[in-house]
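# Structure at a glance
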Amino acid sequence: MTLPELESALTALGEKKFRAKQIFQWLHVKRVFDFDKMTDISIQLRTVLKENFCIKGIFVEKRLESCIDNTVKYLYRLSDGNFVETVLMEYNYGYSICVSTQVGCKMGCRFCASAIAGFVRNLEPSEILMQIYETEKNSGRRVSGIVLMGIGEPLDNYDNVVRFLSLLSDKNGNNMSLRHVSLSTCGIVPRIYDLAKLKLGLTLCISLHCPDDKGRSEIMPVNRKYNIESLINACKDYIAATGRRITFEYAVIDRVKSSDSDADALADLLRGINCHVNLIPVNKVRERNYSTARSGVSDFAKRLEKRGINATVRRTLGSDIEAACGQLRRDAAQSSEKNGGAEV
């Protein structure tokens, strides 16, 4: 619930409006998820809360910590028995967290593990938010940046994601500036236009991965519905509406759109757009035969730079714990099926 919704719900129960702010701060500032521990409200009101509301938790099913770079990967079990993944990453400026927005994914990108175990459902705003709260509690580390790049397509769960962002940034609660949030999409064009109208201040990241329609449609089925021209037009509209620079993500996959001519085509496509290119060495996935040579990514970046396109190579984190999203959930789903209890 947003604070205004909580105020309306409590006043409908005959309670004072200011109690809503107290409860909201217990949840989002003090991170207390047990009504009985909200000690500055009466026992009577706590009883009313327990009778009318619930606080659904998420639970650490597995925790892996990298010996290389302190990356921590969590497999969280939701209240209905499904699983999602969250990754905590350490940078020079602090800690960033990568959260999931769906259980599984419908998009079917060929190089990604997230869709292999299938799509089950959207995450509720609270389930996205609780990944942050529980990770901070478990790790003892305060998060300064959030990326919506975990399992799922954020813009396919648009309404819940927007509500999550509202809760995250509420000045009475967590109060995080959305300028510290990055949202990654494979390119659901109508929702990019919708997001632009909200002018939230977040960084929009576009999973592009190929500079031409034929190649992109082969590895990213979403391109068959929203082609590159329509995607680029939506990006230009987003930049004009928000004044924010866009990041284009490009997985440099050996033998798949990683040649010098591909770099040239990408530079031609993006020339004149206020953007940054984030080059990604593809993560190895058992079910996919894709790989990336690190030298190939560096060469690709140099060629883009020569063509006037600002590009960097994403730092690889948690390589010893399979920190790429989707792999832990896939294994958990397969284990559940072997034990006779498929995911709900």
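Our structure's up above, just so we're on the same page.
So, here's what we can say about the structure.

The terminal C-alpha atoms of helix α4 (residues 125-139), which comprises 15 residues, lie 22 Å apart, in line with the 21 Å expected from a rise of 1.5 Å per residue. When you tally the buried positions in α4, you get twelve out of 15 residues, the bulk of the element. Looking only at α4, the buried set comprises Pro125, Glu127, Ile128, Leu129, Met130, Gln131, Ile132, Tyr133, Glu134, Thr135, Glu136 and Ser139.

Attention now goes to helix α3 (residues 43-52). Among all positions in α3, only Leu45, Arg46, Val48 and Leu49 are buried. Angularly, the buried residues of α3 cover 160 degrees about the axis, an arc narrow enough to put them on a single face. Opposite the packed face of α3, turned more than 90 degrees from it, sit the exposed residues Ile43, Gln44 and Glu51.

Per the counting criterion, the structure on display carries four aromatic pairs. Measuring from ring centre to ring centre gives 5.2 Å for Tyr91 and Tyr93, while their planes differ by 5 degrees; the resulting arrangement is stacked. Geometrically, the ring pair formed by Tyr250 and Phe300 is stacked, given 5.1 Å between the ring centres and 25 degrees between the ring planes. Highlighted residues: Tyr250 in strand β10 (residues 246-252) and Phe300 in helix α10 (residues 294-306), separated in sequence by 50 residues. Of the residues examined, Tyr250 reaches a relative accessible area of 1% and is grouped as buried. Across from the ring centre of Trp26, 3.8 Å away, lies the NZ or CZ of Lys30, which sits over that ring. For Lys106, the ring lying beneath its charged end belongs to Phe119, and the centroid distance is 4.8 Å.

Tracing the backbone shows Glu85 in strand β3 (residues 83-91). On the basis of relative accessible area, Glu85 is assigned to the buried category, the value being 0%. Once the C-alpha coordinates of Glu85 and Ser114 are considered, the two residues, 29 residues apart in sequence, prove to be 9.8 Å apart. A polar side-chain atom of Glu85 sits 3.0 Å from a polar atom in the side chain of Lys73.

So, on to the side chain of Thr203. Structurally, the position occupied by Thr203 is in strand β9 (residues 203-207). Here the side chain of Thr203 touches Arg244 through a polar contact of 3.0 Å, side chain to side chain.

Next up on the list: the pairing of strand β1 (residues 59-65). Sheet topology places β1 next to strand β2 (residues 72-77); six bridges connect them, and they run antiparallel. Residue Glu65 lies in a different strand from β2, and its bridge partner there is Val72. If you look at the hairpin formed by β1 and β2, you'll find six residues sitting between the two strands, and Asn70 has a positive phi there, around 70 degrees.

Let's shift gears to the sheet that holds strand β12 (residues 311-313). In sheet architecture, strand pairing relies on hydrogen bonds along the backbone and comes in two forms, parallel and antiparallel. What the ten strands build is an open sheet, ordered β1-β2-β3-β4-β7-β8-β9-β10-β11-β12; its pairing is mixed. If you trace the sheet from one side to the other, it starts and ends with β1 and β12, each paired once. Neighbouring strand axes in the sheet, compared pairwise and without regard to direction, differ in orientation by 25 degrees on average. Pairing analysis gives four bridges linking strand β8 (residues 181-185) to β9, with the strands arranged parallel.

Calculation notes
Residues numbered from 1 in each chain as written. Predicted model: local features only at pLDDT ≥ 70, side-chain atom pairs only at ≥ 80, totals over all residues. Heavy atoms only, no water. Helix = DSSP H or I, 4+ residues; strand = E, 2+ residues; numbered from the N terminus. Expected span 1.5 Å × (residues − 1). Buried < 20%, exposed > 50% of the residue type's maximum accessible area, 1.4 Å probe, protein only. Arc of directions from axis to C-beta. Phe/Tyr/Trp six-rings, centres within 6.5 Å; stacked < 30°, edge-to-face > 60°. Lys NZ or Arg CZ within 6 Å of the ring centre and 35° of its normal. Polar contact = N/O pair within 3.5 Å; in protein donor to acceptor, adjacent residues only side chain to side chain. Pairing = 2+ DSSP bridges. Axes fitted to C-alpha atoms, helices over the stretch in contact; angles between N-to-C directions.

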